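These are the residues of each chain, in order.
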Amino acid sequence: MEAARVEESVDLSVADRIIAEHASGSGSLIPVLQKAQEEYGYLPKQVMDRIARGLHLPPASVYGVVTFYAQFRLKPVGKHIIRVCHGTACHVSGADKITESFSRDLSVEDGETTSDRLFTLESVACLGCCSLAPVAMVGEETFGRLDGVAVRRLIKDYRKQESA
Amino acid sequence: MDEQRIRISVGLGACGIAAGARKTLASIEEGIASRGLDVELGISGCMGMCYREPLVEIARPGKPPEVYMELSADRVPRFLDEVVAGGGEIEEWIGRAEDRDCPDDGFFSKQKRIVLRNAGRINPERLEDYLAVGGYRALGKVLAEMSREQVIEEIKASGLRGRGGAGFPTGLKWGFAAKAAGDVKYIICNADEGDPGAFMDRSVLESDPHAVLEGMAIAGYAVGSSQGYIYCRAEYPIAIRRLGIAIAQAAEAGWLGDRIQGSEFSFHIKIKEGAGAFVCGEETALMASIEGRRGMPRLRPPFPANEGLWKKPTNINNVETLANVPWIIVNGAAAYAALGTESSKGTKVFALAGKVNRGGLVEVPMGITIREIVEDIGGGIKGGKKFKAAQMGGPSGGCIPASLADTPIDYESLNKTGAIMGSGGMVVIDDSTCMVDVARFFLDFTQKESCGKCTFCRVGTKRMLEILERITAGEGKQGDIELLEELAATIKRGSLCGLGQTAPNPVLTTIRYFRDEYEAHIKDKVCPAKACRALITYVIIEENCNGCGVCKRACPVEAISGEKKELHVIDPDKCTRCGLCMDRCRQDAIRVV
């Protein structure tokens, strides 16, 4: 039910503006989708349909591109996106255990959003700050040399900030 | 720049920022203002010593610049009082200065910086800084005195080969695109650096974006193109922002755009943000992505030089390759070719990471050995553990064992080991890492990133992953190693692009050099590195445990019991083998058996 309500409240004029501004010539589908996701936080079905129509593409092509690239989301995300690095250096330093700690402490699986919509837990291939391994980002903030205890503290701090 | 003022620059590469460099910068800014100090404060890119971030360089009149390391915000007040205001120095914080020996000098002494010539030395957001160190002189020279053919000949003579990993001679590639028929041609800079454990190109883009733009413009002149694209990962927001600034500055100053510096040559550059697909590092997939489609590779020929972006002749080079170009033009092909080995000239940038003491961004002359990089530059293995292997080339590469550490860095020697030069990721592995698990890790990556076009890659990597998962879970069967080898050979043969053709490499090299580890998992159900969770148990050593309770508090699943000041015990059924208790125990009382 909640998901349906979110879908209904989508303001398509934003999509129209993006299409008008960025749809210039061939190759504009990906930039348009990127802008749309920036605005909406994810890509609701109606927005994808609108973009397909605006760029004169079959909806299947738009959906095909959206599902091909890891950057695009079909579901709304939490306020804080937690991205746990699973690059090689982080892997040999125990990245699996970091994801596991977040997953346990937030009670969500990798890729899911907490029921209060505060956190989305994701795994990424490499954040490129290998000397700080294992690393995770919460929003734009980077946290290095993590372990399970540090993860627990981190979540606690964010929750405290939110309730303050 | 005013030579009479104190200049301070804070390293704001992604590594520095992750380590808190923005807070350092803010705190210096605030401290300067509150103390009323006369200082020119700026930023720079990556200085290379990622393991000592945040790094701050101070240049005082009449003194060589000094690099202060690990200068977190809380250390800033002392730095400002004693060094900036007091005119003294804090010896133990200095990481590098020309007038003295520093403990970390070994990190630099075997390096040769061409691609990283300006990284950490200039403000990447100021064109004046780039011009002051000789920037755009190469493009100026090319436009004023060289024909297109001469430029191509010069690059050919330098021996420069593609730094994206494959090592194709750059001059030859430019020659193909130059000869291709067509009025419209494109230059693409491949900045879709996707290997996990690799951040060379990101650092170059963040630290010296103009060098890449200049390289692209020279390539454009040589092949007869007036439009360039930079395809950069969206995960590199700082790089994208700085490229945007640099393009605007260069256009403003007449180094990009129509009729550059009054010549007949025009060149424009656009940035295209990737959307998160590893396969887009492959050139035909990358072009499909720029065209707005799913990034799936296609059969070659036709090669991009003849039929590339929007079916026009296209020349694609990697970031590092292009950043070499201006240096070669200014210093001459002979100076570049003087470095390196018979078949591999110049330098290579590596992102040195993993279990090494000094991890960071390093640039070495070709021909140096892996051992020199790990031991002399990297300062050896962390925590006194044993050097086991170096993983090179990411998911397309392989693990080179310590016994082959004297292999020189050149394309052919590395290929002989079964690994590859790759784009420059070098992850050092110690004896606490399981090689079967490393193979599983990479297969998990390639299996997820396979675009799905070729059956052998799509299904084959999945089957290989399942077998590796089975082995690391202690459920390996006799014949698994042979089955992996058979699948590997088939996937290599039956895949269209580099992703599939090289995906089995991490498995094949670990089988080749660490077959005994595979056999131990399969036959004895033992993980020799004590890393695979299904095959290990955590226990508390009675004589060492003082009952402090740290482990009990750290355990996330309440698997540890025991009264205060009494022996604690781990319940193996509840224990998830996360290892947190062992990390936290100060009595060395927890062991893996």
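Higher on the page you've got the structure.
On a predicted model such as this, the values are computed, not experimentally measured, just so you know.

Calculation criteria
- Residues numbered from 1 in each chain as written.
- Chains lettered and ligands numbered in written order.
- Predicted model: local features only at pLDDT ≥ 70, side-chain atom pairs only at ≥ 80, totals over all residues.
- Heavy atoms only, no water.
- Helix = DSSP H or I, 4+ residues; strand = E, 2+ residues; numbered from the N terminus.
- Buried < 20%, exposed > 50% of the residue type's maximum accessible area, 1.4 Å probe, protein only.
- Contact = heavy atoms within 4.5 Å.
- Areas by Shrake-Rupley, 256 points an atom, 1.4 Å probe, with all protein chains shown as cover.
- Lys, Arg positive; Asp, Glu negative; His and termini not counted.
- Salt bridge = Lys/Arg side-chain N within 4 Å of Asp/Glu carboxyl O.
- Polar contact = N/O pair within 3.5 Å; in protein donor to acceptor, adjacent residues only side chain to side chain.
- Expected span 1.5 Å × (residues − 1).
- Arc of directions from axis to C-beta.
- Nonpolar A, V, L, I, M, F, W, Y, C, P; charged D, E, K, R; others polar.

S.K.: Explain the overall build of chain A residue by residue, including any values.
M.R.: On a plain count of helices and strands, chain A comes out with 8 helices and 4 strands. Ordering the α and β elements of chain A from the N terminus gives α-α-α-α-α-β-α-α-β-β-β-α. Going through the 164 residues of chain A one by one, you find that 51% of them count as buried. Taking all contacts inside chain A whose residues are at least 6 apart in sequence as the whole, residues at least 24 apart take part in 61%. Counting every atom, chain A has about 7,900 Å² of accessible surface; 51% of that belongs to carbon and sulfur.

S.K.: Describe the side chain of D410(B), naming the residues involved and giving the relevant values.
M.R.: Residue and element names in this part refer to chain B. The topology assignment puts D410 in the loop between β13 (398-401) and α16 (411-416). For the buried D410, no salt bridge exists, and the shortest N-O distance to an oppositely charged side chain is 6.6 Å, to R161. In this structure the side chain of D410 is engaged in a polar contact, spanning 3.0 Å, whose partner is the backbone nitrogen of E412. A polar contact is formed between the side chain of D410 and the backbone nitrogen of S413, at a distance of 2.8 Å. If sequence neighbours within four positions are ignored, D410 has contacts with T341, S343, S344 and M421.

S.K.: Account for helix α18 (residues 455-472) of chain B, naming residues and giving values.
M.R.: All names here are of chain B. With 18 residues, α18 ought to run about 26 Å at 1.5 Å a step, and its terminal C-alpha atoms sit 25 Å apart, in line with that. What α18 keeps buried is the set C457, G460, T461, M464, L465, I467, L468, I471 and T472. Considered in projection along α18, the buried side chains sweep an arc of 165° and stay on one side of the axis. Considering only its buried residues, α18 is in contact with α17 (435-449), α19 (480-494), α20 (498-502) and α21 (505-524). At the C-terminal side of α18, G474 shows a positive phi close to 85°.

S.K.: Any details on the interface of chain B and chain A? Residues and values, ideally.
M.R.: Across the boundary between the two partners, chain B contributes 57 residues, which contact 41 residues of chain A. Connecting chain B to chain A are 4 salt bridges. Two residues, R533(B) and E100(A), come together in a salt bridge whose shortest N-O distance is 2.7 Å. Between the two partners, chain B and chain A, sit 21 residue pairs in polar contact (both at pLDDT 80 or more). The element best represented in the side of chain B that touches chain A is α17(B), accounting for 5 residues. For the side of chain B that touches chain A, the class distribution of residues is 30 nonpolar, 11 polar and 16 charged.

S.K.: Explain the pattern of salt bridges to me, and be specific about the residues and the numbers.
M.R.: The tally for this structure, following the rule as stated, stands at 54 salt bridges over all chains. Notably, a salt bridge pairs K23(B) with E141(A), separated by 3.4 Å at the nearest N-O pair. Taken together, the residues span two chains, with K23(B) in helix α2 (residues 21-35) and E141(A) in strand β4 (residues 141-143). Among the residues examined, E141(A) registers a relative accessible area of 35% and is labelled partly exposed. Between R242(B) and E125(B) there is a salt bridge, with the nearest N and O atoms lying 3.1 Å from each other. Of this pair, R242(B) sits in helix α11 (residues 237-252) while E125(B) is found in the loop between α4 (106-109) and α5 (127-132), placing the two residues 117 residues apart along the sequence. You can call R242(B) buried: its relative accessible area is 2%.

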